[in-house]
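Chain by chain, the residues run as shown.
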Amino acid sequence: MTKATTRVDSVELEDRHTPGRPSVGVRFVDGLLTVFATLGVVCIAATIAAFALNISLIMFKTGSMSPTIPTGSLAVVRLIPASDIKVGDVTTVSRGEGQLPVTHRIVSVSPVGGDTYSIEMKGDANDSPDAQPYEVTEVKKVLWHVPGLAYVVAAVSQPKYMAGITVAASFLVVWAFWPRKQ
């Protein structure tokens, strides 16, 4: 270990930096950049998987599926043909033009003809099935969910937070590639 002595205001300070070994600050920043780079790779892989596997995200804004899927949950859903659904599956179906989709548990499935099926659905927290059966050729099946994550996604999706994230990411990229003195 080499020691360098520096005189500052008549106090001697020892530099305990070992040549060839980065300082704690440099290691911290390198670790932080590694974490962000890994998150970037995960985001890219997730985007590719979403397109290749017909996967998307949905947010639960009501408690109709509680306690199984509570309000504020974020769920991963996959688009599947109606011929693959069965009683007990939790699926998302379109309710028509201008209306939000509904995500409930299937309580009955009947073929209508061709690729079309009539399904009756019911929310786990509801006393009775939905008022009308749905005629579908495909549905989005819930694969898994994370309680509370929808609140985080909704908050981060606001323009002011997206702008902040963009500025911070841009700053990190510029800082990482900025020329340094050797």
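What counts and what doesn't
Residues numbered from 1 in each chain as written. Predicted model: local features only at pLDDT ≥ 70, side-chain atom pairs only at ≥ 80, totals over all residues. Heavy atoms only, no water. Helix = DSSP H or I, 4+ residues; strand = E, 2+ residues; numbered from the N terminus. Buried < 20%, exposed > 50% of the residue type's maximum accessible area, 1.4 Å probe, protein only. Polar contact = N/O pair within 3.5 Å; in protein donor to acceptor, adjacent residues only side chain to side chain. Contact = heavy atoms within 4.5 Å. Pairing = 2+ DSSP bridges. Salt bridge = Lys/Arg side-chain N within 4 Å of Asp/Glu carboxyl O. Patch = residues over 30% accessible without salt bridge, like charges linked within 9 Å, V, L, I, M, F, W, Y side chains within 5 Å. Areas by Shrake-Rupley, 256 points an atom, 1.4 Å probe, with all protein chains shown as cover. Axes fitted to C-alpha atoms, helices over the stretch in contact; angles between N-to-C directions. Phe/Tyr/Trp six-rings, centres within 6.5 Å; stacked < 30°, edge-to-face > 60°. Lys NZ or Arg CZ within 6 Å of the ring centre and 35° of its normal.

## Notes on the side chain of S64
Okay, step 1: Structurally, the position occupied by S64 is in the loop between strand 3 (55-59) and strand 4 (74-81).
Okay, step 2: Under the relative-accessibility criterion, S64 is labelled buried at 16%.
Okay, step 3: A distance of 3.0 Å separates polar atoms of two side chains, one belonging to S64 and the other to H104.
Okay, step 4: Leave out the neighbours within four places in its chain, and S64 touches T103, H104, G123, D124, A125 and N126.

## What about the pairing of strand 7 (residues 116-122)?
Okay, step 1: Bridge analysis of strand 6 (residues 102-113) against strand 7 gives 7 bridges, and the strand direction is antiparallel. Looking at strand 7, one finds that G113 is bridged to T116.
Okay, step 2: Two successive antiparallel strands, strand 6 and strand 7, enclose a turn made up of 2 residues, where G114 displays a positive phi of approximately 65 degrees.
Okay, step 3: Summarising the sheet, strand 7 and strand 8 (residues 134-136) pair through 3 bridges and their orientation is antiparallel. Looking at the pairing, I119 lines up with Y134 of strand 8.

## What about unusual backbone geometry?
Okay, step 1: Here the residue pair S66 and P67 is connected by a cis peptide bond, since its omega of 0 degrees sits within 30 degrees of zero.
Okay, step 2: Located in the positive-phi region is N54, a residue other than glycine, with phi close to 55 degrees.
Okay, step 3: Its place among the elements puts N54 in the loop between helix 1 (24-53) and strand 3.
Okay, step 4: Judged by its relative accessible area of 44%, N54 falls in the partly exposed class.

## Some details on the pattern of salt bridges
Okay, step 1: Evaluated as defined, the whole model comprises 3 salt bridges.
Okay, step 2: Where K86 meets D89, a salt bridge forms, and the shortest distance between an N and an O atom there is 3.9 Å.
Okay, step 3: Given a relative accessible area of 48%, K86 falls into the partly exposed group.
Okay, step 4: Residue classification places D89 among the buried positions, given a relative accessible area of 8%.
Okay, step 5: Residue R105 pairs with D124 through a salt bridge whose shortest N-O separation is 2.8 Å. One end of the pair, R105, is in strand 6; the other, D124, is in the loop between strand 7 and strand 8, and 19 residues separate them in sequence.
Okay, step 6: By relative accessible area, R105 is classed as partly exposed at 24%.
Okay, step 7: Judged by its relative accessible area of 25%, D124 is partly exposed.
Okay, step 8: Ionic contacts of the salt-bridge type, sharing partners, join the residues K86, D89 and K141 into one network.

## Brief notes about a nonpolar patch on the surface
Okay, step 1: The grouping of L149, V152, V156, Y161, M162 and I165 at the surface amounts to a nonpolar patch, some 490 Å² of accessible area in total.
Okay, step 2: Counting only elements with at least two residues in the nonpolar patch, the list comes to helix 2 (149-156) and helix 3 (159-177).
Okay, step 3: Assessed through its relative accessible area of 32%, L149 is described here as partly exposed.

## Focus on the sheet that holds strand 7
Okay, step 1: Spatially, the 7 strands line up as an open sheet ordered 3-4-9-5-6-7-8, and their pairing is antiparallel. Every other strand in the sheet has two partners, leaving strand 3 and strand 8 as the edge strands with one partner each. Strand-to-strand twist across the sheet, computed as the mean angle between neighbouring axes with direction ignored, equals 45 degrees.

## Here we look at the packing of aromatic side chains
Okay, step 1: All told, the structure shown has 0 aromatic pairs when counted by the stated rule.
Okay, step 2: Positioned over the ring face of W175 is R180, at 4.6 Å from the centre of the ring.

## Remarks on the pairing of strand 5 (residues 90-93)
Okay, step 1: Where burial is concerned, the two faces of strand 5 agree: the one with V90 and T92 and the one with T91 and V93 are both buried.
Okay, step 2: Summarising the sheet, strand 5 and strand 6 pair through 4 bridges and their orientation is antiparallel. Of the residues in strand 6, the one forming a bridge with T91 is H104.
Okay, step 3: Where strand 5 and strand 9 (residues 138-146) come together, 2 bridges link them in antiparallel fashion. By the bridge assignment, T92 is partnered in strand 9 with K140.

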